[in-house]
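Listed here are the chains, written in short residue letters.
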Amino acid sequence: MTRGLLRLCRREALKPKPGNGSGENLEILSRRPVMGVRGLQGFVGSTCPHICTVVNFKELAEHHRSKHPGCTPTIVVDAMCCLRYWYTPESWICGGQWREYFSALRDFVKSFTAVGIRLIFFFDGMVEQDKRDEWVKRRLKNNREISRIFHYIKSHKEQPGRNMFFIPSGLAIFTRFALKSLGQETLCSLQEADYEVASYGLQNNCLGILGEDTDYLIYDTCPYFSISELCLDSLDTVMLCREKLCESLDISLADLPLLACLLGNDIIPEGMFESFRYKCLSSYTSVKENFDKKGNIILAVADHISKVLRLHQGEKKLEEMLPLGPNKALFYKGVASYLLPGQKSPWFFQKPKGLITLDKEVGSMSSDPESKQEVPMCTDPESKQGVPMCTDPESKQGVPLCIDPDSKQGIPMCTDPESKQGVPMCTDPESKQGVPKWTNPESKQGVPVCTDPESKQGVPVSTDPDSKQAVPMCIDPGSKEGFLLCTHPESKQGVPVCTHPEFKQGDPVCTHPESMQGDPVCTHPESKQGVPMYAYSEYRQGVPMRTYSESKQGVPMCTHTEFKQKSPLRADSEFKLETPICTNPGIKQEDLVNMEPEIKQQVTMVSDPEILKIARAHHVQAESYLVYNIMSSGEIECSNTLEDALDQALPSQAFVYRPVRQRVYSLLLGGGEDGASTCPTVKEWFVYSGNPLRHPDLVRPLQMNIPGGTPNLKLLWLNQDAGIQARRLDALLGCFDLSSSREELQAVENPFKALCCLLTYLFVQVDTLCLEDLHAFIAQALCLQGKPTVQLVDLQLDYIDARAVQLGSLLVRGLTTLVLVNSACGFPWRMSDFMPWNVFDGKLFHQKYLQSEKGCTVEALVEQNRSRLTKFHALKSVVCKACVRENRRIVSRQHWHSPQPGRWGRQGSGSHRTSSGYSRAGQGQHWRDQGPGNRQYEPDHWRRYSSSGRL
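Note on numbering: residues in each chain are counted from 1, in written sequence order. Whole-chain, interface and lining totals are the exception, using all residues; otherwise, since this is a predicted model, local features are given only for residues with pLDDT of at least 70 and side-chain atom pairs are given and counted only at 80 or more. Only heavy atoms go into the side-chain values, all of them from the structure, while hydrogens and water stay out.

**A few points about the overall build of the protein chain**
Just so we agree on the cut-off: Helix and strand labels come from DSSP, where a helix needs a run of H or I of at least four residues and a strand needs a run of E of at least two; each type is numbered from the N terminus. In this scheme, a residue with accessible area under 20% of its type's maximum is buried, one over 50% is exposed, and one in between is partly exposed, where area comes from a 1.4 Å probe on protein chains only. Whether two residues are in contact is decided by their heavy atoms: any pair within 4.5 Å suffices. What sets the accessible areas is the Shrake-Rupley method with a 1.4 Å probe; for residues, cover comes only from the shown protein chains.
Per the secondary structure count, the protein chain includes 31 helices and 28 strands. Out of the 951 residues in the protein chain, the part that is buried amounts to 50%. In the protein chain, the proportion of contacts linking residues at least 24 apart, taken out of those at least 6 apart, comes to 63%. Accessible surface computed for the protein chain: about 45,000 Å², of which carbon and sulfur atoms make up 50%.

**Description of the side chain of Asp773**
Which entries qualify depends on this criterion: Two N or O atoms count as a polar contact when they lie within 3.5 Å, although within protein this holds only if one can serve as hydrogen donor and the other as acceptor, and sequence-adjacent residues are included solely when both atoms are side-chain atoms.
Along the polypeptide, Asp773 turns up in helix H25 (residues 771-784). Among the polar contacts made by the side chain of Asp773, one reaches the side chain of Arg803 at a distance of 2.9 Å. Sequence-distant contacts of Asp773, that is, excluding residues within four places in its chain, are made with Phe763, Thr768, Arg803, Leu807, Tyr849 and Arg893.

**Some words on empty space enclosed by the protein**
Where we set the bar: Lining residues are those with an atom within 4 Å of a point, where the points come from a 1 Å grid over the protein atoms alone and group into cavities, where a 1.4 Å probe fits but cannot get out, or pockets, open sets with protein on both sides within 12 Å along at least five of seven lines. Grid points are joined across faces, edges and corners, and a volume is the space filled by probe spheres set on the points. Throughout, the ten residues Ala, Val, Leu, Ile, Met, Phe, Trp, Tyr, Cys and Pro are labelled nonpolar, Asp, Glu, Lys and Arg are labelled charged, and all others, Gly among them, are labelled polar.
Following the criterion strictly, the structure yields 4 cavities of 30 Å³ or more and no others. Of the pockets and cavities examined, the largest cavity occupies roughly 90 Å³. Lining the largest cavity are Tyr625, Leu626, Cys638, Gln653, Tyr657, Arg661, Phe686, Arg813, Thr816, Thr817 and Leu820. By residue number, the principal contributor to the lining of the largest cavity is helix H27 (residues 802-824), which donates 4 residues. Here the lining of the largest cavity is built from residues that sort into 6 nonpolar, 3 polar and 2 charged.

**Here's the deal with the packing of helix H7 (residues 171-181) against H27**
This is how it is decided: A fitted line through C-alpha atoms represents every axis, and for helices the fit uses only the stretch in contact; the resulting angles, taken between N-to-C directions, go from 0 to 180 degrees. Comment on the angle field: the value is read as roughly parallel under 35 degrees, roughly antiparallel over 145, roughly perpendicular from 65 to 115, and oblique elsewhere. What makes a crossing left-handed is the near helix being turned counterclockwise from the far one by less than a right angle; a clockwise turn instead makes it right-handed.
At their nearest, the axes of H7 and H27 sit 10 Å apart, and the two run at 55° to each other. Here H7 is positioned oblique relative to H27, judged by the angle of their axes. With respect to the hand of their crossing, H7 and H27 are arranged in left-handed fashion. Mapping the contact onto sequence places Ile173, Phe174 and Phe177 in H7 and Val812, Leu815, Thr816 and Val819 in H27. In terms of residue class, the contact of H7 with H27 is made up of 6 nonpolar, 1 polar and no charged.

**Some details on the pattern of salt bridges**
Rules: Salt bridge, as applied in this entry: a Lys or Arg side-chain nitrogen positioned within 4 Å of an Asp or Glu carboxyl oxygen.
This structure, assessed with the given rule, holds 31 salt bridges. In this structure, Arg132 engages Glu635 in a salt bridge whose closest nitrogen and oxygen atoms are separated by 3.8 Å. With Arg132 in helix H6 (residues 132-156) and Glu635 in strand E25 (residues 635-638), this residue pair connects regions lying 503 residues apart in the sequence. Look at the salt bridges and you will find they share partners, linking Arg38, Glu134, Arg138 and Asp266 into a network.

**Quick look at helix H15 (residues 328-336)**
Basically, it comes down to this: Note that the arc is computed from the directions linking the helix axis to the C-beta atoms.
Taken together, the buried positions of H15 are Phe331, Gly334 and Val335. Looking down the long axis of H15, one finds its buried residues gathered within 95° of arc, a one-sided arrangement. In this structure, the buried residues of H15 make contact with helix H11 (256-263) and helix H14 (318-321).

**Looking at the packing of aromatic side chains**
Quick reminder of the rule: Two rings from Phe, Tyr or Trp (for Trp, the six-membered ring) form a pair when their centres sit within 6.5 Å of each other. Planes less than 30 degrees apart are called stacked, planes more than 60 degrees apart edge-to-face, and all others tilted.
According to the stated counting rule, one finds 25 aromatic pairs in the structure shown. Between Tyr216 and Tyr219 the ring centres are 6.3 Å apart and the planes differ by 35°, which places this aromatic pair in the tilted class. You can call Tyr216 buried: its relative accessible area is 0%. Looking at Tyr219, the relative accessible area reads 3%, which means it is buried. An aromatic cluster of at least three residues, connected via ring pairs, comprises Phe57, Trp86, Phe108, Phe112, Phe121 and Phe225.

**Here we look at the environment of Glu247**
One can find Glu247 in helix H10 (residues 242-249). Of the residues examined, Glu247 reaches a relative accessible area of 66% and is grouped as exposed. Between the C-alpha atoms of Glu247 and Ile51, which are 196 residues apart in sequence, the distance is 9.5 Å.

**Re the state of the cysteines**
Quick note on the threshold: Put simply, a disulfide is two cysteine sulfurs that come within 2.5 Å.
For the structure shown, the criterion picks out 0 disulfides. Here Cys735 stays free of any disulfide, with the sulfur of Cys825 as its closest cysteine sulfur at 4.2 Å. For Cys735, a relative accessible area of 0% corresponds to the buried category.

**Overview of the side chain of Glu635**
Overall, Glu635 belongs to the buried group, its relative accessible area being 11%. Here the side chain of Glu635 touches Trp685 through a polar contact of 2.6 Å, side chain to side chain.

**Some points on the nonpolar core**
Rules: Among buried residues, those of type Ala, Val, Leu, Ile, Met, Phe, Trp, Tyr and Cys that are joined through side-chain atoms within 4.5 Å constitute a nonpolar core.
In this structure, Trp86, Phe112, Leu210, Met631, Leu668 and Trp717 are the most contacted members of the largest nonpolar core, which totals 149 residues. With 13 residues, H27 is the single largest residue contributor to this core. If near-sequence neighbours (up to four positions away) are discounted, Met631 is found in contact with Thr604, Met605, Val606, Ile611, Leu612, Ala615, Leu668, Leu669, Leu713 and Trp717. If you look at the next biggest cluster of nonpolar residues, it comprises 60 residues, including Tyr216, Leu240, Leu262 and Phe331.

**Some words on the pairing of strand E3 (residues 118-123)**
Counted only if it meets this: Two strands pair if DSSP finds at least two bridges between them.
Within E3, 5 of the 6 residues are buried, which leaves the element mostly enclosed by the surrounding structure. Alignment of strand E2 (residues 74-78) against E3, held across 5 bridges, turns out to be parallel. Bridged to Asp78 within E3 is Phe122. Sheet topology places E3 next to strand E4 (residues 185-188); 4 bridges connect them, and they run parallel. By the bridge assignment, Ile120 is partnered in E4 with Glu185.

**Let's talk about H7**
For the α-helix, the turn length of 3.6 residues means that residues three or four positions removed from each other point alike. Summarising burial for H7: 10 of the 11 residues are buried, a large majority. Residues Leu171, Ala172, Ile173, Phe174, Thr175, Arg176, Phe177, Ala178, Leu179 and Lys180 constitute the buried set of H7. The inward-facing, buried residues of H7 contact helix H4 (79-86), helix H5 (98-113), E3, E4, H27 and helix H28 (836-839). Positive phi appears at Gly183, one or two residues downstream of H7, with a value of about 80°.

**Considering unusual backbone geometry**
The peptide bond linking Asn750 to Pro751 adopts the cis configuration, its omega dihedral lying at 5°. Within the fold, Pro751 resides in the loop between helix H23 (742-746) and helix H24 (752-765). One non-glycine residue, Asn887, adopts positive backbone phi at about 60°. For Asn887, the position within the fold is in the loop between helix H31 (866-885) and strand E28 (936-937). According to the relative accessible area criterion, Asn887 is partly exposed, its value standing at 43%.

**As for the environment of Ala329**
Turning to its location among the elements, Ala329 is positioned in helix H15. The class for Ala329 is exposed, based on a relative accessible area of 60%. Note: C-alpha distance between Ala329 and Glu319 (10 residues apart in sequence) is 10.0 Å.

**Topic: the sheet that holds strand E6 (residues 224-226)**
Within a sheet, each strand pairs with its neighbour through backbone hydrogen bonds, oriented either parallel or antiparallel. In space, the 7 strands of this open sheet follow the order E1-E7-E6-E5-E2-E3-E4, with mixed pairing throughout. Two strands in the sheet have a free side with no partner beyond their single neighbour: strand E1 (52-56) and E4. Put simply, the sheet's adjacent strands are angled 30° from each other on average, direction ignored. Set on the sheet, H4 makes contact with E2, E3 and strand E5 (208-211); between it and E2 the angle comes to about 80°.

**Here's the deal with the confidence of the model for the protein chain**
If pLDDT is low for a region, its predicted coordinates should not be looked at in detail. Our working definition: For every residue, the pLDDT score states the predictor's confidence, bounded by 0 at the bottom and 100 at the top.
On average, residues of the protein chain carry a pLDDT of 75, and 62% of them reach 70 or more. Scored below 50 in pLDDT, residues 1-33 shows 48 contacts in the model against residues more than four places distant or in partner chains.

Here is the structure:
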């Protein structure tokens, strides 16, 4: 409340006051750097405060409704920009105050729905390759911040101030599910989220975008509002007006992408045009003495755009006006990244594409109204009219031109000896001679023609890439595409053929009666008739197809042995997770059709388009985590975690949960029983101490050990038979390698079942965890169930312990790993069972950890509650028994005879990081890096295994 009032007072200072037109000493939105264009946020706050206007969302919504009757005012929320502003709990160091955070999100949603505003939340779904360097740069910067945080904790035994605030691990992931459980529409991007946010806002006539990214000042989209200046009580905030920004800089909206790239952004490194910017500054004549240096640089670059570059706009390419050098392609890509669907940039100069050089010796000239260029003319002997002409580069002779009505370009002509009329020509690349051409009415492209000796008519031809000879074609009346012809030995008639992409051989095709598209055919050995074929891209082989009379669609003629039909998965009612692709009301059939071209164009790790569509749909609807990334690109990332780089006893979460991820890779990419041996490695960009992030870690899948074998994804995701839910659970436990503890874990009540699974895995993996740690984890989960949020807010800690901080983050990362595994296995457990607001609270865990370290009794840990005490012993028994099966006996810290630094080494500056953990085969070998940041990890060298080497 106090912070909101302070912000409101700050906004009141923005309002014009008599005698204060200059806006001196006004600092808007400059408290901390944000994403987007370098220096623009500070420039707006200090140099151009007039582009910021205080607005009220309630008033804007009412105006929108009056202007667009029947249209609900909608705000697109860039959720990634809002996380630090949503996280209002005072405590952030202990792993997260999830109940408080959930309550804050609920209040945020209520404030907007109360005034009739609809919210659409977008989350980053993946990191684009062009922005990987920037992502790495921020992660390394975060590492330095985390080191300072742990140094402060060890020195002061307390949480640092808000100026060192670091968002709790997993906040973005769990925010998606929190918003979904609150009934909000939550989407996950397939590319950079800011582009999809800007596109959605523009195409859906939204009220505006709520975020904190100066890129939204560059996109030509709906209005941009600041989340950092939002006061929930009044719904006041600041609107940043890009039109006023352009007016201040004397440039147009179309110039903003160019300005952004010259200043530097997430794609263009800031240093790329540093010398150019200073050159602009040195020639800038209107330097403002009262402005800072960065502000003057922005003004100077904008001045150069408006007064120098604009003089040659449309006449010269950017690389002729700017020092792009080898960065030309990246620069153009940076400018294009701001162009939303349907938008064009005037800075993308395209010369008129003349086919042949103009002859300068022809006296008669004509002005082309389209290209504004002079064109030589010749006189047609038949019509006596002037005809444009060009010079043939081979013969050096003039050739008449005709004007293509679509492209507005000149095309050489020749005279048809039969009709005596001009016919367009194209140049044969082999003979370099002009050849008559036929224009495809659909594609508007020219195709060479040859004369059929029988009919004396022109027949389109195509050049065989191997023989270099012209081959006749026929034109498909449906698709308007050309198909090569071969001569049928019986009928002597031309039969269309398609070329096999692998063997480069032609296969006869037949035309599908509905789609009018050609399907390859093979000859049935019995009937001697042609049978349509389906080409499997994975095996490069054709498989006979059967065409169903009702759907008119072809289906490969093979039957899967495990299931006979596709059935929907059950839905998770709490999170509105409607898993099946066939029954999900949020996924329309036409949407799935629209997805198909995008999937086909992308080279993916999984060849099954149906499975990939399901994974994509869950990803877009923010119902899964990392599954689609693994299956589409084979590349995933995980941001920073609060981990002490100097603590040698606790491993990084990146290594603790890697074996789980490896088994997930096997499940998603292996395609069945022995998938781990055949599926490719996955690129992991995971942050941990000593990783310079120059290259991803190349991680091999790990064979799963599941009773009955590893099920395939169609069985897990599509089948609804009675026993499939048990198979899904088997797959989940197999990912944690806990199949032997299935019965004990199944007997545990919700929401503690998933927690026990995670704790068992953790204590088997990390042998430096002790009994006191287990007591603290279980006690906090039990006590959390009976505590209201206000009681958790008022909880005070004696001091902050660095080890407890890392343990809290380690558990929360385990919960995110559970989200991944549950998604991959077809949702055998309810997502709510491992949402942190139901099983974990940072301060409460820290309190129980400190009490347990002091030697408090179990009764004291569960706050003298008999019911909790009974459950405590039951949960402890499940975890301890499961660990004993894996030869892991959990003992008290006081039973350790000597301090144990643990078996987990930390990677230093060298290229090798070793661990004394034994491999599954009991070979006792060390695993080593194969070069910093480019390591190929063999499976499961991080686990503490029994000496017997049990398989």
